[in-house]
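Chain by chain, the residues:
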Amino acid sequence: MKKVPGHAMEPATTAGALYVGAGLALFLCRHAWFRRTLHLGGPWLRIATAAAVLATVPVGLFAAALTQLAAAAVVLCAAVALGDRVQRRQAARAEAPGRLVR
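Residues numbered from 1 in each chain as written. Predicted model: local features only at pLDDT ≥ 70, side-chain atom pairs only at ≥ 80, totals over all residues. Heavy atoms only, no water.

1. Let's talk about the overall build of the chain
Put simply, the test is: We count a stretch as a helix when DSSP gives it H or I for four or more residues in a row; a strand needs E for two or more, and each element gets its number in order from the N terminus. Here the term buried applies to any residue with accessible area under 20% of the maximum for its type, exposed to any over 50%, and partly exposed to those in between, with areas from a 1.4 Å probe on protein chains only. Residue contacts are counted whenever heavy atoms from the two residues lie within 4.5 Å of one another. Per-residue accessibility takes into account occlusion by the displayed protein chains alone, with areas from the Shrake-Rupley method and a 1.4 Å probe.
Counting secondary structure elements, the chain contains four helices and zero strands. Ordering the α and β elements of the chain from the N terminus gives α-α-α-α. Expressed as a percentage of its 102 residues, the buried residues of the chain come to 23%. Contacts in the chain between residues far apart in sequence, at least 24 positions, make up 68% of those at least 6 positions apart. Put simply, the chain shows about 7500 Å² of open surface, and 68% of that area lies on carbon and sulfur atoms.

2. Some remarks on the packing of aromatic side chains
Let me state the cut-off plainly: Two rings belonging to Phe, Tyr or Trp (six-membered ring only in the last case) form a pair when the distance between their centres is within 6.5 Å. Interplanar angles under 30 degrees mark stacking, angles over 60 mark edge-to-face geometry, and anything in between is tilted. Consider the ring centre and the ring normal. A charge sits over the ring if Lys NZ or Arg CZ is within 6 Å of that centre and within 35 degrees of that normal.
Applying the stated criterion to the full structure yields zero aromatic pairs. The ring of Trp33 carries Arg30 above its face, with NZ or CZ at 4.8 Å from the centroid.

As structure tokens, this is what we get:
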């Protein structure tokens, strides 16, 4: 990631593309494990996001390194938006009048 600003318009090396993709994926998997350990919700969104971020590695290899960073940022933003939408939907269901809480 440190070499991306200097060579942003060139394809990344194999190691560089893997560092970005696998590093973010590993972070997301560990975050999912942490949240699961503390019973803060299901880990599936973060695991799916990790797989999607890992899929950006070929983008870094064949396109500009900056393109891989942008693709990873888009995936992460989409995951945050989806997670927020799911939480709002769950909160709305819990507050619905006449609904029994189990």
